[in-house]
Amino acid sequence: MKRVLTIQDISCLGKCSLTIALPVISALGSETVILPTAVLSTHTMFKGFTCKDLSDQIEPIAEHWKKEKVRFDAIYTGYLGTIEQIDQIKAMFEAFRDDNTLIVVDPVMADNGKLYPAFDLDYAKKNAKLCAEADIIVPNITEASFMTGIEYREEYDEGYIRELLAGLNELGAGISVLTGVSLEKGRTGVMGYDSRNGEYFTYQNQRIDAAYHGTGDLFSSTVVGEIMKGKDWKDALRIAADHTANTIEVTLRNPDKPWYGVDFEATIPALIEME
Ligand code: PXL
């Protein structure tokens, strides 16, 4: 069985980060090891959330794992906490990466043109450095714009997306993927660029006019789980995009849906069957 390490916060209530990554990657058949970077009462879209930083736990945990001679087939990072923590995560990559370890960085920090409450521009620049270490990065357009310094646009064409991908590629990752890319009216999806062979990949499905928290985490977790199942990166993106869209649709049909996240639990059985 493949073993995935995922490093991100635990938002106790909120359906995002580790509370999505752990069940989704496990359901896709990989052992999922977690390294929580912080414990929050809720995600940061709630008012008055509490946050306990866990940076001082990262090194002792890593040292113990080293003694246990653990290895990972993939390391996937999401929402982290502080600039200093990004350096600690880089050290984790160095300590645990071997020739067969896939590193996936989702530089979670912004959406809709704005940084999340906990972050500033220095944090965005530091995240760009973490992306340099990755085999695959999966920012949204806002995150890509903060990391590349290219202006954020709500209205755009494929030329703009290619410019962002070129900027991301310069950061140094193997494969750069932009999420939330809408190239035609009524459609949305992803566009990726593989620096190893200059190949582009675009996948669009039906755009659903609803925005929910945690959908980026659901997308990235699905990509990681599918690659661990043996899919190539393009099939993994296609499945993750379809799965995320399906989950939003299912959530919209639930009259009792919570405002703060998607019903990802309801679509796990369908995800397991997706090819
Ligand atoms: O889903 C991304 C995410 C993860 N973790 C925390 C967040 C958010 C988005 O707001 O606040 C704590």
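Anyway, here's the lowdown on the structure attached to this text. (Residues numbered from 1 in each chain as written. Predicted model: local features only at pLDDT ≥ 70, side-chain atom pairs only at ≥ 80, totals over all residues. Heavy atoms only, no water.)

## Examining the sheet that holds strand β5 (residues 102-105)
What counts here: A pair of strands counts as paired when DSSP detects no fewer than two bridges linking them. Helix and strand definitions here come from DSSP, where helices need a minimum of 4 consecutive H or I residues and strands a minimum of 2 consecutive E residues; each element is numbered from the N-terminal end. Whether two residues touch is decided by their heavy atoms; if any such pair falls within 4.5 Å, the residues are in contact. Here the axes come from fitting lines to C-alpha atoms, over the contacting stretch only for helices, and the angles between their N-to-C directions go from 0 to 180 degrees.
Across the sheet, which stays open at both edges, the nine strands sit in the order β3-β2-β1-β4-β5-β8-β9-β10-β11 with mixed pairing between neighbours. Among the strands making up the open sheet, the edge pair consists of β3 (51-53) and β11 (199-206). Seen against the sheet, helix α2 (residues 55-67) touches β1 (3-13), β2 (31-42) and β3 and runs at an angle of roughly 165 degrees to β2. Its contacts with the sheet place helix α7 (residues 215-228) against β1, β4 (74-77), β5, β8 (136-137), β9 (175-181) and β10 (187-194), and it is angled at close to 175 degrees to β4.

## Some details on the side chain of T6
Formally: Working definition: with a 1.4 Å probe on protein chains only, accessible area under 20% of the residue-type maximum means buried, over 50% means exposed, and in between means partly exposed. Polar contacts, as counted here, are pairs of nitrogen or oxygen atoms within 3.5 Å of one another; within protein the pair requires one atom able to donate a hydrogen and one able to accept it, and residues that are adjacent in sequence qualify only if both atoms are side-chain atoms.
Tracing the backbone shows T6 in strand β1. For T6, a relative accessible area of 0% gives the class buried. Of note is the side chain of T6, whose polar atom sits 2.9 Å from the side chain of Q8. If sequence neighbours within four positions are ignored, T6 has contacts with L18, A21, T32, V33, I34, L35 and Y76.

## Side note on the pattern of salt bridges
Think of it this way: side chains of opposite charge can pair up when their charged atoms draw near. Selection rule: Just to be clear on terms, a salt bridge is a Lys or Arg side-chain nitrogen sitting within 4 Å of an Asp or Glu carboxyl oxygen.
Scanning the model with the defined rule gives 15 salt bridges in all. A salt bridge links R238 to D235; the shortest N-O distance between them is 3.2 Å. Within this pair, R238 and its partner D235 are both found in helix α8 (residues 233-252), separated by three residues, close to a single helical turn. Judged by relative accessible area, R238 falls into the partly exposed class, the value being 22%. Judged by its relative accessible area of 29%, D235 falls in the partly exposed class. When salt bridges with common partners are traced through the structure, they connect K15, D263 and E265 into a single cluster.

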